[in-house]
Amino acid sequence: EIDKHRGTRAVVAGRGRGARGDRSRMGGRPSSPLDKQQRQHLRDQMDTLLRNFLPCYRRQLAASVLRQISRELGPQEPAGSQLLRSKKLPRVREHQGPLTQFRGHPPRWQPIFCVLRGDGCLEWFSHKEEYENGNRPLGSTALTGYTLLTSQREYLYLLDALCPASLGDRTQEEPDSLLEVPVRFPLFLQHPFRRHLCFSAATREAQHAWRLALQGGIRLRGTVLQRSQAPAARAFLDAVRLYRQHQGHFGDDDVTLGSDAEVLTAVLMREQLPALRAQTLPGLQGAGRARAWAWTELLEAVHAAVLAGASAGLRAFQPEKDELLATLEKTIRPDVDQLLARVAGRMRTDIKGPLESCLRQHVDPQLPRVAQTLLDTVEALLEVVRTLLAQGMDRLSGHLRQSPSGTRLRREVYAFGEMPWDLGPMQTCYRETERSRGRLGQLAAPFGFLGMQSLMFAAQDLAQQLMADAVATFLQLADQCLTTALNCDQAAQRLERVRGRVLKKFESDSGLVQRRFIRSWGLCIFLPFVLSQLEPSCRKELREFEGDVLAVGSQALTTEGIYEDVIRGCLLQRIDRELKKALGASDVSCTLDGCLEVPWEQEEAGGNFTGGGLRGVYGIVVSVGSWMAQNVPCLLTQPGLPSS
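Residues numbered from 1 in each chain as written. Predicted model: local features only at pLDDT ≥ 70, side-chain atom pairs only at ≥ 80, totals over all residues. Heavy atoms only, no water.

Under an unreviewed UniProt entry, the name given to the protein is Niban apoptosis regulator 3, and the organism recorded is Saimiri boliviensis boliviensis. We quote the UniProt Sequence similarities (unreviewed entry) comment for the protein here in full: "Belongs to the Niban family." (UniProt positions renumbered as here; feature names shortened; annotations may be inferred.)

As structure tokens, this is what we get:
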């Protein structure tokens, strides 16, 4: 049973040095570090959360393993995806360059050298030489949960809203108060629970390049759990949702962006934030924006302490989780899903009345518009992906027909292979998702859905994955069809035929991912709302099923889990009905587990982002290189051609 009455103890800011974090402090006036008693209090808060959360997590681990076993033992669907799976892992291109940062006491703009790592971590150094010599950075941060702003006016409005100033406070500030001096090319990183980071580029072009890189890093860090289909990741996300439902919080939001420790940190920070504001803001030194800076620095200290507690708690749970997963895979009975079906059938009959009434009254009137808007969003997105893909393949064929130099051909093939990770062209795709953000937000808000950032990220991940798969497929097929016996025109013709095959496969896979996306996010929007509406009337009726569930003797089955599966199934029937109307398809069904995005292939350990091997990226270069060595050797006088 979740403890709903955890007390909140004041974490008070005083005078002295700033809270620990990166060493480039950014506040107006420094706030004190958390003392030993305050840090212990925060550890106690996280320990309490983990005691309440981990039982949910254990149950969801069992349920997730059961779903996986049922899928493996059940009827196998015809192969869906036509494109090959890309072996390259999601990453952002490392980006580096000089910036200025607003930091110090008193804060002022100071030159730094900034580096965005491929895993979405940002570091900054006093000089480029410090980075090149391998010295420690002045500061660093994972980009999870940040929002990037490039408008100084918009950022100052947000900063003023953090600590609304009284008239008296305003008159105390000097005309050139915090960040009043105009900044030409700013990059403001704002976080709801952390210190803000303020940078400025020297030119508009540099600002644009950094904006793309930082946005890519924010998305990469945010969707690490959503991209995974591992049972433990699925179980964790379900457990977070159930934990919050037990506290009366229904409706999806963006709290699940980030790693498992970052998610639990965000959950606790949201719980504690109102009390923290009420108890600490009046005691913060300074006025207006200086007080807002001090507030964000206090949040940074609290966030760091909570994150450390979450990380330690999850590390301590890891051996138990590994053992539990291994045991579950050996002990779950294969016929559990059949027993589940019988209990679910009885439950469906019992709750049919209130469930149908809720769906007809609340969901049915809005579902067509929500489904159509989701469909329009993903269709527009994938059309841009298709256009970029076709243009990339056409460029390669064109270079072959023009008798290219070996150096230029290598460069073009490399650029094509890197296109899914090139934020320049891919940003054209990502902008399509933003066009529908406002409309979708308006439609989903009445159902308590506030996870628009998660939805946008999921659509962008979908586009990047489909592009990566299509590029990998083209390179593989081209590698197979090019031989040294072909001349320029013949090689180009072969590539054009490969182009046609890849586009057909792309069209097929586009239809699949559209349906998966709409089913997945339709459930995210409507399921928590329906559960909240049925909570008073149906919760009591579930008790009579406890005996039947216990008789099955499997920890993978819970009354609450079966109840949600029943409601989920009814919602999916309605979503599929709307999809058939919109797509004109005779069959849009797919398995429940298949309605979420197909996962990237990720490495468990280390968190490093690596490629799938030299030939996987450059296979076409090798084939074309062999062909050119036979047919136009004069073009291969320059070194560096990749070999298999």
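K.L.:
Explain helix α7 (residues 260-280) to me, please; I cannot follow it from the model alone.
P.N.:
Given 3.6 residues per turn, any residue in an α-helix points the same way as the ones three and four places further on. The terminal C-alpha atoms of α7 lie 28 Å apart, and with 21 residues this matches the ideal 30 Å at 1.5 Å per residue to within 8%. At Gln272, α7 is deflected by roughly 45°, the largest bend along its length, and proline Pro274 occurs up to four residues later in sequence. (Helix = DSSP H or I, 4+ residues; strand = E, 2+ residues; numbered from the N terminus. Expected span 1.5 Å × (residues − 1). Bend = angle between axes of the 7 residues up to and from the residue.)

K.L.:
Looking at this structure, how should I read the packing of aromatic side chains?
P.N.:
The way to describe two aromatic rings as a pair is by their centre distance and the angle between their planes. Under the defined criterion, the tally for this structure stands at 16 aromatic pairs. Judged by centre distance (5.7 Å) and plane angle (35°), the rings of Phe53 and Tyr57 are tilted. Taken together, the residues span about one helical turn, with Phe53 and Tyr57 both in helix α1 (residues 36-73) at a distance of four residues. The same class applies to Phe53 as to Tyr57, namely buried. Members of the aromatic cluster, connected to one another through ring pairs, are Phe53, Tyr57, Phe236, Tyr243 and Phe317. (Phe/Tyr/Trp six-rings, centres within 6.5 Å; stacked < 30°, edge-to-face > 60°. Buried < 20%, exposed > 50% of the residue type's maximum accessible area, 1.4 Å probe, protein only.)

K.L.:
What should I look at first to understand the sheet that holds strand β2 (residues 108-116) in this one?
P.N.:
Sheets are built from strands that pair by backbone hydrogen bonding, the pairs being arranged parallel or antiparallel. Read across the sheet, seven strands follow the order β4-β3-β2-β1-β7-β6-β5 without closing on themselves; strand pairing throughout is antiparallel. Edge positions in the open sheet fall to β4 (139-142) and β5 (147-149), since each of these has one partner strand only. Direction aside, neighbouring strands of the sheet carry axes that sit 30° apart on average. Of the strand pairs in this sheet, strand β6 (residues 186-190) and strand β7 (residues 197-200) are connected by four bridges, and their pairing is antiparallel. (Pairing = 2+ DSSP bridges. Axes fitted to C-alpha atoms, helices over the stretch in contact; angles between N-to-C directions.)

K.L.:
Sorry, what's going on with helix α3 (residues 152-162) here?
P.N.:
Turning to α3, its buried residues are Gln152, Tyr155, Leu156, Leu159 and Leu162. Here the buried residues of α3 occupy an arc of 110° about the axis, which is enough to place them on one side. Turned more than 90 degrees off the buried face of α3, the exposed positions are Arg153 and Tyr157. Looking at the packing, one finds that the buried side of α3 touches β5, β6, β7, α7 and α8 (289-331). (Arc of directions from axis to C-beta. Contact = heavy atoms within 4.5 Å.)

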